[in-house]
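# Secondary and tertiary structure notes
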Amino acid sequence: MRTSRLRTVHPVLWAGWAALAAGAVLCVVGWYGVSGERYAERQLPYLASCTIPGAALIIAGAMLLTHGRGSIAAARVEELYGLLVAAEPAETEETGRAAPAPLAISGDLLMVPGGTLWHRADCPLVAGRAEAVPVDSGLVASGELDPCPICEPAEETD
């Protein structure tokens, strides 16, 4: 999937760089021609034939490069989405539907001093934090602490 999409993007990038280079060359030729003429009526042909088309090619090249970069990013997002959709849980094949697994299953309850939530010990929000302390059952009973929405600890405390 990746190679087919990216093969169509590279010519757009090459065309953008080629347009930028051609525009720069035309602008230099136009400047050189204008600088060699003393009168404005002799400078106008250089402006009309070199500098204006050169500036237009530079703008077109910049647009092509922008479009090509956006296409590369879109191709990468499509590839990542395809990988995400292709990775199905193993339970899906056996039961027909996937049961959401809890993120934390430990029975030990912890809290961070000064925090407003209580967590299971293996909750990603408190796992490995040295400042996490066991939950005071009085704080939970009084309603000062709310259960963590991530690990969803049990309502009863030890």
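### Considering the sheet that holds strand β2 (residues 117-120)
Spatially, β3-β1-β2-β4 is the arrangement adopted by the 4 strands of the open sheet, whose pairing is mixed. One side of each edge strand has no neighbouring strand; the edge strands of this open sheet are β3 (133-134) and β4 (146-147). In this sheet, β4 lies alongside β2 in parallel orientation, the contact comprising 2 bridges. Each residue of the ladder has a partner; that of W118, found in β4, is P147.

### Notes on the pattern of salt bridges
Tallied over the entire structure, the rule returns 1 salt bridge. Linking R42 and E37 is a salt bridge whose minimum nitrogen-to-oxygen distance equals 4.0 Å. Residue E37 is classed as partly exposed on the basis of its relative accessible area, which comes to 23%.

### Description of a nonpolar patch on the surface
A cluster of nonpolar side chains, Y81, L84 and V85, forms an exposed patch at the surface whose accessible area comes to about 350 Å². With respect to the helices, strands and loops of the structure, Y81 is situated in helix α2 (residues 40-86). Classification of Y81 by relative accessible area gives exposed; the value is 56%.

### Things to note about the pairing of β2
Each regular strand displays side chains that alternate between the two surfaces of the sheet. Strand direction decides the pairing type here: strand β1 (residues 109-111) and β2, joined by 3 bridges, are antiparallel. Counterpart to L110 in the pairing with β2 is H119. Linking two consecutive strands that pair antiparallel, namely β1 and β2, is a turn of 5 residues; a positive phi of about 90 degrees is found at G114 within it.

### Section: the confidence of the model for the chain
With 77% of its residues at a pLDDT of 70 or more, the chain shows a mean pLDDT of 77. Note that residues 100-105 has pLDDT below 50 and, in this model, 7 contacts with residues that lie over four places away or in other chains.

### Some words on the environment of A130
Assignment of secondary structure puts A130 in the loop between β2 and β3. Its relative accessible area of 77% is what places A130 among the exposed residues. The sequence separation of A130 and V112 amounts to 18 residues, and the corresponding C-alpha distance is 9.4 Å.

### Regarding the side chain of H119
Note on placement: H119 falls in strand β2. Classification of H119 by relative accessible area gives buried; the value is 5%. Contact partners of H119, with chain neighbours within four places excluded, come to D108, L109, L110, L125, V126, C148, C151 and P153.

### Observations concerning the state of the cysteines
Counted by the stated rule, this structure contains 0 disulfides. C151 provides the cysteine sulfur closest to C123, a residue in no disulfide bond, and the two sulfurs are 3.7 Å apart. C123 provides the cysteine sulfur closest to C148, a residue in no disulfide bond, and the two sulfurs are 3.8 Å apart.

Rules and cut-offs
- Here, residues in each chain are numbered from 1, in the same order as that chain's written sequence.
- In keeping with the model being predicted, local features are shown solely for residues with a pLDDT of at least 70 and side-chain atom pairs are shown and tallied solely at 80 or more, while totals for entire chains, interfaces and linings include all residues.
- The basis for the side-chain values is all heavy atoms of the structure; hydrogens and waters are excluded.
- Each pair of strands is called paired provided DSSP finds at least two bridges between the two strands.
- Secondary structure elements follow DSSP: runs of H or I of four or more residues count as helices, runs of E of two or more count as strands, with numbering from the N terminus.
- The working definition used for a salt bridge is a side-chain nitrogen of Lys or Arg within 4 Å of a carboxyl oxygen of Asp or Glu.
- Relative accessibility under 20% of the residue-type maximum defines a buried residue, over 50% an exposed one, and the middle range a partly exposed one, all with a 1.4 Å probe and only protein chains included.
- A patch consists of residues whose relative accessible area exceeds 30% and which take part in no salt bridge; residues with like charges are grouped when within 9 Å of each other, and nonpolar side chains (Val, Leu, Ile, Met, Phe, Trp, Tyr) when within 5 Å.
- With residues, only the protein chains shown are counted as cover, and all accessible areas are computed by Shrake-Rupley using a 1.4 Å probe.
- Known as pLDDT, the predictor's confidence for each residue is given on a scale from 0 to 100.
- Throughout, a contact is declared for two residues whenever any of their heavy atoms are within 4.5 Å.
- We call a pair of cysteine sulfur atoms a disulfide when they lie within 2.5 Å.

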